[in-house]
Amino acid sequence: MYCPLCKAEYRQGFTTCSDCQIALVATQQEVDAVAVDRLWTGDNRKKMEKILDGLMDAEIPFRSKETPKSQPWPWLSMLLFRFMKPRPTFEFHIDVMNKDSAKSKEVLRKIEDAEKVDEEED
Ligand SMILES: [Zn+2]
């Protein structure tokens, strides 16, 4: 069994990907038939969480990943420090299945529009 989104392989008996919460498919060919698109890349954890919330609300399965950044921005580290334990600076990636791409871009656009309004109010 394989996850069509994160491409992880599962033993027989599993039906759902524990990371993506979506139904597994039986064969490698079915997995290969599912294209995965990069929806968003950035280093703003708060924005990433907003996008993930939006995707969850829209019931769009996604895969998110964080990778350590080699050149942390000091101001961002300070910002993160306010919300959570000190940790290295990360870059975030959000991937969605190609069939959800248009829908998820719509979610992203709404979030970015809302952010613009926030900025104008400041
Ligand atoms: Zn998965």
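Because the structure is a prediction, the values reported are computed rather than measured.

Trainee: Which residues make up the overall build of the protein chain, and what values go with them?
Mentor: In terms of regular secondary structure, the protein chain is built from four helices and three strands. Along the protein chain, from the amino end to the carboxyl end, the secondary structure elements read α-β-α-β-α-β-α. Per-residue burial for the protein chain yields a buried fraction of 18% across its 122 residues. Taking as baseline every contact in the protein chain between residues at least 6 positions apart, the subset at least 24 positions apart corresponds to 62%.

Trainee: Now, about unusual backbone geometry: what can you tell me, with residues and values included?
Mentor: Trans peptide bonds make up the majority, and among non-glycine residues the majority have a negative phi. The phi dihedral of Lys 7 is positive, around 70 degrees, even though this residue is not glycine. Mapping Lys 7 onto the fold places it in the segment before α1 (28-32). Accessibility expressed as a C-beta count within 10 Å gives 14 for Lys 7, which makes it partly exposed. Although it is not a glycine, Gln 21 adopts a positive phi angle of roughly 60 degrees. Mapped onto the elements, Gln 21 comes out in the segment before α1.

Trainee: Break down the nonpolar core for me, with residues and values.
Mentor: When a protein is soluble and globular, its nonpolar side chains tend to lie buried together. Counting eleven residues, the largest nonpolar core is built from Leu 39, Trp 40, Met 48, Ile 51, Leu 55, Ile 60, Phe 62, Phe 92, Ile 94, Val 96 and Val 107. Sorting the residues of this core by element identifies β1 (36-42), α2 (45-57) and β3 (90-97) as the ones contributing at least two each.

Trainee: Please provide a residue-by-residue account of α2, values included.
Mentor: Counted at 1.5 Å a residue, the expected span for α2 with its 13 residues is 18 Å, and the 18 Å between its end C-alpha atoms agrees. Of the residues one or two after α2, Glu 59 is the one with positive phi, at around 55 degrees.

Trainee: For the sheet that holds strand β2 (residues 62-68), give the residues involved together with the corresponding values.
Mentor: What the three strands build is an open sheet, ordered β1-β3-β2; its pairing is antiparallel. In this open sheet, the two edge strands, each paired with only one partner strand, are β1 and β2. Going across the sheet, the axis of each strand differs from the next one's by a mean of 25 degrees, ignoring polarity.

Trainee: Break down the environment of Asp 43 for me, citing the residues and quoting the values.
Mentor: Turning to its location among the elements, Asp 43 is positioned in the loop between β1 and α2. Using a count of 16 C-beta atoms within 10 Å as the deciding quantity, one classes Asp 43 as partly exposed. Separated by 49 residues in sequence, Asp 43 and Phe 92 place their C-alpha atoms 5.7 Å apart.

Calculation notes
Residues numbered from 1 in each chain as written. Predicted model: local features only at pLDDT ≥ 70, side-chain atom pairs only at ≥ 80, totals over all residues. Helix = DSSP H or I, 4+ residues; strand = E, 2+ residues; numbered from the N terminus. Buried ≥ 20, exposed ≤ 12 C-beta atoms within 10 Å, placed from the backbone. Contact = placed C-beta atoms within 7 Å. Core = buried A, V, L, I, M, F, W, Y, C linked by C-beta atoms within 7 Å. Expected span 1.5 Å × (residues − 1). Pairing = 2+ DSSP bridges. Axes fitted to C-alpha atoms, helices over the stretch in contact; angles between N-to-C directions.

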